[in-house]
Amino acid sequence: MIRPKPARWFELLVARDDATLALEALAGTGMIELEARPSAALPASLADLRVPMQQFAELAIRYHDYWPDDRWEPSAFPETPATTIERCLTRIRGWAQDAEPVIGVLQRGEAERGELVVWKRVLDALAGSSIDLARMAAAGPLLQARLIACPPGAEPAWPSGLLVRRFEADGQSHALVLGTPDDVGQLVQQANALKAGVLGLPTWLQADSARCEAHVATRLAALEHAAAAMQAQLSALADRHQLRRALGDAARLQWLLDNVRAMEAGELFCRITGWTSDLAGQRLAGALDRSPARSILHQPAPPAATAAPLLLANPWWARPFEIFSRALGMPSSNEADPSALLAFVVPLMFGYMFADVGQGLVIAIGGFVLRRRFPLARMFVAGGLAAAAFGLVFGSVFSLHGIPALWFAPLDDPLTILLLPLIGGAVLMSVGLLFSAVEAHWRGELAGWLATDAGFLALYGGLLCGFVWPAGFAVAAAGAAASCLGHAWRERRVAAIPAALAELVERTLQILINTLSFARVGAFALAHAGLSSAIVTLMHAGGNAVVQLLVLLAGNAIVIVLEGLVVSIQTTRLVLFEFFARFLTADGRVFHPLPVPPSTLQERGMKTSYKFTTALVALALVMGIGATALLGAIAPALAAAPAAAAAGGAAEGSSFGLMAAAVSTALAALGAGFAVARVGTAAVGALAEKPELFGRLLIFVGLAEGIAIYGLIVSILILNRLA
């Protein structure tokens, strides 16, 4: 389960005319990666498609916005590629010839609608003004009038002979100008250079602004009705010319050209070869049986000169956690895949830092609801349940201590909260070293590992145990000696001992620092507890029960969104940079499944995702406005708190200390966010040139978030002072 498996080679002999159908059926399984034999080349029938497909792309540039975006129906039994694309182009051009007058009406209507919207804003901005727009529109031929919409931060140099009336409309600077044709022409040239909008004054303008607004409303309604009629005509033309089928066939051919680089083809048959993750071959055989393609599937041994892509073999409950291994690449055939272990470790770290029954259950429910749309959300189900379990241990429900703690509250014993993650981190580091032993066994190098790294493991364990068991330091010394002697034995020379000792010192310091990094798990647990206490303090400062309830709801919503993101980042950092460094280099070949052909289902999914993103933005906006309103409502109570503390209310002073701890963490995290943004931007640019640098660049991005640790240290100092 922890060792990746190689994909299986497959070969498919298919009738030449059915190759597209066979590829479409195989792509639908999501379980094949195409790879042609070295002697194969792109068939002439596909190579000849590039010129007509370029013609299709040119037609798409002109007419794409007017094509139907639903119910594309590729042919069930396509002809040869050349015949198919010729038929598609003929139908598209026939539709374009009939649709061109309708498109012209639509474009003129869109242009007029845009001008009317601009004039509606102008009329609203000039409401109550004494300017007679009708007389300006009728000026001429000695005078000309224009409306200039200036771009943000730039205005033309107004000629001295012009009459200019400047005003703001929807936050943008506008100007009505009147002058001689020469002055106006000079101004228009400057405005065009600045990419400013220039409009002439329409003849329908009247002195009465109410009549102008009525004309705009009437005309916009008429244009909307005309646009609907034109769209109906376009849809009818699409049905008449069978445009949806032509577009579906052309899109499928484009998909074929994008994904098939080479293929062995003859006059009657062609051979499709590659790798599959269906090791038994049943899914591929079933997909081909349901397809009308005439084909024969065979799964022989792969060619000798090929390297198989690797597959992670995990049970269903561990597959969401494969994202951590894939973040660095793909483990090689002799490297361990720790996804099954991470299915337990990651939720434990997440839950420890996010210990709250109510908030954990909200996260778990959210992950369960979104598990089908976002497979990554399945991890939050386990993480949320772990957070709820730790919430029972610490007695926290929606930031309130409403239930008796099974152990104690985090702020009651901060040192214990910090110590437990260190112990867990040490165990995880030791497991990583044991993984390296398993990998050495797979490579046939277990004897070398026992001679060198086994001593290092004893050194590490002895140093950690020495703080509670003095004999542990003796074990550490024995492990160091065994490691150095093992290096000398492997290299067959005593002179290797000094170099081995220097390397051992470096590795020891590195793994101890990596172990100390797990203290951040406890630090974030304390920060979560401090922020929860601050929310409770703000709630008690509210004047009535309704305000207190709203403060509690808003505070928990902010904690779930912000801390959920921060805790996820910290968990990822510990796994990638501390744990994986012990055993994983991830230099295996990744399996890249053949993408499915374009479909209306994918288009609808993108639209739904856009709506979902819009909903999240709206939710964040509502939360921000609500939090601001709540803070304004309880501001008088907060202002009175220092006076109460001066009179002897020490509890309020402690509450503000907790708030200070939370704020120090928040501001440090904000600074880390800016740093990550800058480093991440540079990393994206580097990845565009060299994608293989992903793993190394990820480390630099992770280092930038270390700024947040300083804020955590300040928070811990404040919390200890309060304790």
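The paragraphs below set out a description of the structure included in this document. Since the model is a prediction, treat every value here as computed from it, not as a measurement.

Section: the overall build of the protein
Phase 1 of the analysis: When its secondary structure is counted, the protein shows 24 helices and eleven strands.
Phase 2 of the analysis: For the protein, long-range pairs separated by at least 24 residues make up 79% of all intrachain contacts whose partners lie at least 6 apart in sequence.
Phase 3 of the analysis: Carbon and sulfur atoms make up 65% of the accessible area of the protein, which amounts to about 36,900 Å² in all.

Observations concerning helix α18 (residues 496-516)
Phase 1 of the analysis: An ideal rise of 1.5 Å per residue puts 30 Å on 21 residues; α18 measures up with 30 Å between its terminal C-alpha atoms.
Phase 2 of the analysis: Along α18, the residues classified as buried are Ala496, Ala500, Leu504, Thr508, Ile511, Asn514 and Thr515. Summarising the axial view, the buried residues of α18 lie within an arc of 130°, below the 170-degree limit, and thus occupy one face. Within α18, the exposed residues directed more than 90 degrees away from the buried face are Pro498, Ala499, Glu506, Ile513 and Leu516.
Phase 3 of the analysis: In this structure, the buried residues of α18 make contact with α14 (414-442), α16 (453-465), α17 (471-491), α19 (519-541) and α20 (545-579).

Comments concerning the packing of aromatic side chains
Phase 1 of the analysis: Applying the stated criterion across every chain, the model contains 18 aromatic pairs.
Phase 2 of the analysis: An angle of 55° between the planes, with centres 6.4 Å apart, marks the rings of Phe435 and Phe579 as tilted. Residue Phe435 is located in helix α14, and its partner Phe579 is located in helix α20; the two are separated by 144 residues in the primary sequence. For the pair Phe435 and Phe579, a shared accessibility class is recorded, and that class is buried.
Phase 3 of the analysis: Seen in terms of ring centroids, Phe580 and Phe583 are 5.9 Å apart; in terms of plane orientation they differ by 75°. Their pairing is edge-to-face. Exposure class is identical for Phe580 and Phe583. Each is buried.
Phase 4 of the analysis: Taken together, the ring pairs in this structure connect Tyr352, Phe390, Phe394, Trp407 and Phe408 into an aromatic cluster.
Phase 5 of the analysis: Its end group placed over the ring of Trp489, Arg492 keeps NZ or CZ at 4.9 Å from the ring centre.
Phase 6 of the analysis: Between the NZ or CZ atom of Arg507 and the centre of the ring of Phe456, over which it lies, the distance is 4.1 Å.

Description of a nonpolar patch on the surface
Phase 1 of the analysis: A cluster of nonpolar side chains, Leu361, Ile365, Phe368, Val369 and Leu385, forms an exposed patch at the surface whose accessible area comes to about 500 Å².
Phase 2 of the analysis: Broken down by element, the residue count for the nonpolar patch peaks at four residues, all from helix α12 (residues 357-369).
Phase 3 of the analysis: Inspection of the secondary structure assignment puts Phe368 in helix α12.
Phase 4 of the analysis: Look at Phe368 and you get partly exposed, because its relative accessible area is 48%.

Section: the packing of helix α11 (residues 339-353) against α14
For any two helices packed against each other, one specifies the inter-axial angle together with the distance between the axes.
Phase 1 of the analysis: Packing of α11 against α14 leaves a shortest axis separation of 12 Å and a crossing angle of 165°. With respect to α14, the axis of α11 lies roughly antiparallel. For the pair α11 and α14, the crossing hand works out as left-handed. Residues Leu341, Val345 and Tyr352 of α11 touch α14, and the partners they reach there are Thr416, Ile417, Leu420, Pro421, Leu428, Val431 and Phe435.
Phase 2 of the analysis: Each residue belonging to the contact of α11 with α14 can be placed in one class, and the counts come to nine nonpolar, one polar and no charged.

Examining unusual backbone geometry
Phase 1 of the analysis: In this model, Asp170 sits at a positive phi of 55°, which is unusual for a non-glycine residue.
Phase 2 of the analysis: Locating Asp170 in the fold gives a position in the loop between β5 (163-169) and β6 (172-179).
Phase 3 of the analysis: Positive phi, normally seen in glycine, also occurs at Phe398, with a value near 50°.
Phase 4 of the analysis: Here Phe398 is to be found in the loop between α13 (377-394) and α14.
Phase 5 of the analysis: Owing to a relative accessible area of 34%, Phe398 belongs among the partly exposed residues under this scheme.

Concerning the sheet that holds strand β7 (residues 197-200)
Phase 1 of the analysis: Spatial ordering of the open sheet is given by β5-β6-β4-β7, a layout of four strands whose pairing is antiparallel. Edge positions in the sheet fall to β5 and β7, since each of these pairs with one other strand and no more. Direction aside, the axes of adjacent strands within the sheet are offset by 20° on average.
Phase 2 of the analysis: Sheet analysis places strand β4 (residues 144-149) next to β7, joined by four bridges and oriented antiparallel. Looking at the pairing, Ile148 lines up with Val198 of β7.
Phase 3 of the analysis: Relative to β5, helix α4 (residues 81-125) is tilted by about 95°, and along the sheet it contacts β4, β5, β6 and β7.
Phase 4 of the analysis: Packed onto the sheet, helix α6 (residues 181-193) meets β4, β6 and β7 and runs at close to 20° relative to β4.

Some details on the nonpolar core
Phase 1 of the analysis: Counting residues in each nonpolar core, the largest one holds 71 residues, and the members touching the most others are Phe324, Leu342, Met349, Phe579 and Phe580.
Phase 2 of the analysis: Counting residues in each nonpolar core, the second largest holds 50 residues, with Phe56, Tyr63, Met230 and Leu288 among its members.

Thoughts on the pattern of salt bridges
Phase 1 of the analysis: Inspection of the entire model under this criterion finds 21 salt bridges.
Phase 2 of the analysis: Here Asp170 ties to Arg121 by a salt bridge, and the two come within 3.6 Å at their closest N and O atoms. With Asp170 in the loop between β5 and β6 and Arg121 in helix α4, the pair connects residues that are 49 residues apart, well separated along the chain.
Phase 3 of the analysis: Taking the shortest distance from any N to any O, the salt bridge between Arg573 and Glu578 comes out at 3.2 Å.
Phase 4 of the analysis: Residue Arg573 is classed as buried on the basis of its relative accessible area of 11%.
Phase 5 of the analysis: Taking relative accessible area as the criterion, Glu578 reaches 4% and is therefore assigned buried.

Considering α13
Helical geometry note: an α-helix holds 3.6 residues per turn, so side chains three or four residues apart project in the same direction.
Phase 1 of the analysis: In a regular helix each residue adds 1.5 Å, so 18 residues correspond to 26 Å; α13 covers 25 Å between its end C-alpha atoms and thus fits that length.
Phase 2 of the analysis: Buried residues along α13 sit against α10 (322-328), α11, α12 and α14.
Phase 3 of the analysis: Note on α13: the residue one or two positions beyond its end, Gly395, has a positive phi of about 70°.

Points about the side chain of Glu35
Phase 1 of the analysis: Within the secondary structure layout, Glu35 lies in the loop between β3 (32-34) and α2 (44-47).
Phase 2 of the analysis: A distance of 2.6 Å separates the side chain of Glu35 from the side chain of Trp275, its partner in a polar contact.
Phase 3 of the analysis: The contacts of Glu35, once residues within four sequence positions are left out, are Trp9, Thr273, Gly274, Trp275, Thr306 and Arg589.

What about the packing of helix α3 (residues 50-63) against α4?
Phase 1 of the analysis: At a minimum axis distance of 11 Å, the contact between α3 and α4 shows a crossing angle of 15°. In terms of orientation, α3 lies roughly parallel with respect to α4. Where α3 crosses over α4, the handedness of that crossing is left-handed. Facing Pro52, Met53, Gln55, Phe56, Leu59, Arg62 and Tyr63 of α3, the residues of α4 in contact are Ile85, Leu89, Ile92, Arg93, Trp95, Ala96, Glu100, Ile103 and Gln107.
Phase 2 of the analysis: Among the residues making up the contact of α3 with α4, the classes are represented as eleven nonpolar, two polar and three charged.

Regarding the environment of Thr29
Phase 1 of the analysis: Looking at the element boundaries, Thr29 is found in helix α1 (residues 19-29).
Phase 2 of the analysis: Residue Thr29 is classed as buried on the basis of its relative accessible area of 14%.
Phase 3 of the analysis: On a C-alpha basis, the gap between Thr29 and Asp278 in space is 9.2 Å, while along the polypeptide they are 249 residues apart.
Phase 4 of the analysis: Excluding residues within four positions of it along the chain, Thr29 makes contact with Arg283, Leu284 and Ala287.
Phase 5 of the analysis: A polar contact is formed between the side chain of Thr29 and the backbone nitrogen of Met31, at a distance of 3.3 Å.

Definitions and cut-offs
Residues numbered from 1 in each chain as written. Predicted model: local features only at pLDDT ≥ 70, side-chain atom pairs only at ≥ 80, totals over all residues. Heavy atoms only, no water. Helix = DSSP H or I, 4+ residues; strand = E, 2+ residues; numbered from the N terminus. Contact = heavy atoms within 4.5 Å. Areas by Shrake-Rupley, 256 points an atom, 1.4 Å probe, with all protein chains shown as cover. Expected span 1.5 Å × (residues − 1). Buried < 20%, exposed > 50% of the residue type's maximum accessible area, 1.4 Å probe, protein only. Arc of directions from axis to C-beta. Phe/Tyr/Trp six-rings, centres within 6.5 Å; stacked < 30°, edge-to-face > 60°. Lys NZ or Arg CZ within 6 Å of the ring centre and 35° of its normal. Patch = residues over 30% accessible without salt bridge, like charges linked within 9 Å, V, L, I, M, F, W, Y side chains within 5 Å. Salt bridge = Lys/Arg side-chain N within 4 Å of Asp/Glu carboxyl O. Axes fitted to C-alpha atoms, helices over the stretch in contact; angles between N-to-C directions. Parallel < 35°, antiparallel > 145°, perpendicular 65-115°, else oblique. Left-handed = near helix turned anticlockwise from the far one by under 90°. Nonpolar A, V, L, I, M, F, W, Y, C, P; charged D, E, K, R; others polar. Pairing = 2+ DSSP bridges. Core = buried A, V, L, I, M, F, W, Y, C linked by side-chain atoms within 4.5 Å. Polar contact = N/O pair within 3.5 Å; in protein donor to acceptor, adjacent residues only side chain to side chain.

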